[in-house]
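Chain by chain, the residues run as shown.
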Amino acid sequence: MEDKDLYKLFLSVAEHPGQNTEDTRKVFSILVRSTLRYRDQMLKTSGTVVTVEDVRTVLGWLVDSFSSGQLPVTENKLRLDLLKVWLDELKPFR
């Protein structure tokens, strides 16, 4: 996944003007930074590529997991680990 693809994905989520608040910008900044860090770590340590589809899937899980405190049932460790990274990074927003 290229940096530009990730930025495009997060920007498409944030297109609604009513959602353009300081907290929203902070959250997206955290998500982008932590995703890029995770992507680079996965590529370096295991040669695994994090795809846009991986990020889209995890974005779909994020709100439910954040509000419920439950992780989705999945065998996809890469996606589940990315979700855990995000949830850990977003703890201050709970």
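In case you missed it, the structure is sitting above this.
Computed from a prediction, not measured in an experiment: that's the story for all the values here.

With that out of the way, let us pick up the overall build of the chain. Counting its secondary structure elements, the chain contains four helices and zero strands. Helices (α) and strands (β) of the chain occur, in sequence order from the N terminus, as α-α-α-α. Within the span of the chain, comprising 94 residues, buried residues form 33% of the whole. In the chain, the proportion of contacts linking residues at least 24 apart, taken out of those at least 6 apart, comes to 66%. As displayed, the chain offers around 6,100 Å² of accessible surface, 54% of which is attributable to carbon and sulfur atoms.

What follows covers the packing of helix α2 (residues 22-46) against helix α4 (residues 77-89). Orientation of α2 relative to α4, taken along the N-to-C sense of each, is 140°, at an axis distance of 10 Å. One element, α2, and the other, α4, form an angle in the oblique class. Of the two possible hands of crossing, α2 and α4 adopt the one that is right-handed. Within the contact between the two elements, α2 uses Ile30, Leu31, Ser34, Thr35, Arg37, Tyr38 and Met42 and α4 uses Lys77, Leu78, Asp81, Leu82, Val85, Trp86 and Glu89. Its residues assigned to classes, the contact of α2 with α4 comprises eight nonpolar, two polar and four charged.

Further remarks concern the nonpolar core. Core analysis: the largest hydrophobic core is formed by 17 residues, its most contacted members being Leu62 and Trp86. Among the elements of the structure, α2, α3 (52-68) and α4 are those that each provide at least two residues to this core. The residues touching Leu62, leaving out its near neighbours within four places in the chain, are Leu31, Leu83, Trp86, Leu87 and Leu90.

The next thing to look at is the layout of surface pockets. Left-over empty space is what a probe sized like a water molecule reveals as it rolls over the atoms. Here the largest pocket is characterised by a volume of approximately 280 Å³. Together, Val27, Phe28, Leu31, Leu59, Leu62, Val63, Phe66, Ser67, Leu90 and Phe93 line the largest pocket. In terms of residue count, the dominant contributor to the lining of the largest pocket is α3 (five residues). Of the residues assigned to the lining of the largest pocket, the class counts are nine nonpolar, one polar and no charged.

What counts and how
- Residues numbered from 1 in each chain as written.
- Predicted model: local features only at pLDDT ≥ 70, side-chain atom pairs only at ≥ 80, totals over all residues.
- Heavy atoms only, no water.
- Helix = DSSP H or I, 4+ residues; strand = E, 2+ residues; numbered from the N terminus.
- Buried < 20%, exposed > 50% of the residue type's maximum accessible area, 1.4 Å probe, protein only.
- Contact = heavy atoms within 4.5 Å.
- Areas by Shrake-Rupley, 256 points an atom, 1.4 Å probe, with all protein chains shown as cover.
- Axes fitted to C-alpha atoms, helices over the stretch in contact; angles between N-to-C directions.
- Parallel < 35°, antiparallel > 145°, perpendicular 65-115°, else oblique.
- Left-handed = near helix turned anticlockwise from the far one by under 90°.
- Nonpolar A, V, L, I, M, F, W, Y, C, P; charged D, E, K, R; others polar.
- Core = buried A, V, L, I, M, F, W, Y, C linked by side-chain atoms within 4.5 Å.
- 1 Å grid on protein atoms, 1.4 Å probe; cavity = no way out; pocket = protein on both sides within 12 Å on 5 of 7 lines; lining within 4 Å.
- Points joined across faces, edges and corners; volume = space filled by probe spheres on them.

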